[in-house]
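Spelled out from the first residue to the last, the chains are:
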Amino acid sequence: MYEKGDETLIQRLKRYYADYRLSEDPDASFRDACAALSLSVIDTVGELADRDDCSAIRNVLREYREIRSSVGGSNDSVKERLERELRERASQPV
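This section reports on the structure supplied with the text.

1. Some words on the side chain of T44
Reasoning step 1: Inspection of the secondary structure assignment puts T44 in helix α2 (residues 26–50).
Reasoning step 2: Looking at T44, the relative accessible area reads 2%, which means it is buried.
Reasoning step 3: Looking at T44, its side chain comes within polar contact range of the side chain of R12, at 3.3 Å.

Rendered as structure tokens:
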């Protein structure tokens, strides 16, 4: 598996968004989370290339393309979904 700690890229994007939302508004948080995800993908692909794991590289890039196409199609709907999920998690008892 290519994900660090079995975290998918969409889970990583959600985690980044939640982290940025601690100090930023939704728009800035979403923009910064997407940028952080891109850098994370570059690092992950580099690690996988060092291990000659072409299959895992393809999987990472496929998942990344899916996320980018969702984000490219409608930033607002993806951002709203992340914001809604963040509020739902915050309202759940620990």
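Moving on, there is more to tell.
2. Describing the pattern of salt bridges
Two side chains carrying opposite charge are able to pair once their charged atoms lie near each other.
Reasoning step 1: Applying the stated criterion to the full structure yields 9 salt bridges.
Reasoning step 2: Linking E83 and R21 is a salt bridge whose minimum nitrogen-to-oxygen distance equals 2.9 Å. A residue pair is termed long-range when its members are at least 10 positions apart, and E83 in helix α4 (residues 75–91) and R21 in helix α1 (residues 9–21) qualify at 62 residues.
Reasoning step 3: You can call E83 buried: its relative accessible area is 12%.
Reasoning step 4: Each of E7, R12 and R15 takes part in salt bridges that share partners, so that together they form one network.

About the criteria used
- Residues numbered from 1 in each chain as written.
- Predicted model: local features only at pLDDT ≥ 70, side-chain atom pairs only at ≥ 80, totals over all residues.
- Heavy atoms only, no water.
- Helix = DSSP H or I, 4+ residues; strand = E, 2+ residues; numbered from the N terminus.
- Buried < 20%, exposed > 50% of the residue type's maximum accessible area, 1.4 Å probe, protein only.
- Polar contact = N/O pair within 3.5 Å; in protein donor to acceptor, adjacent residues only side chain to side chain.
- Salt bridge = Lys/Arg side-chain N within 4 Å of Asp/Glu carboxyl O.

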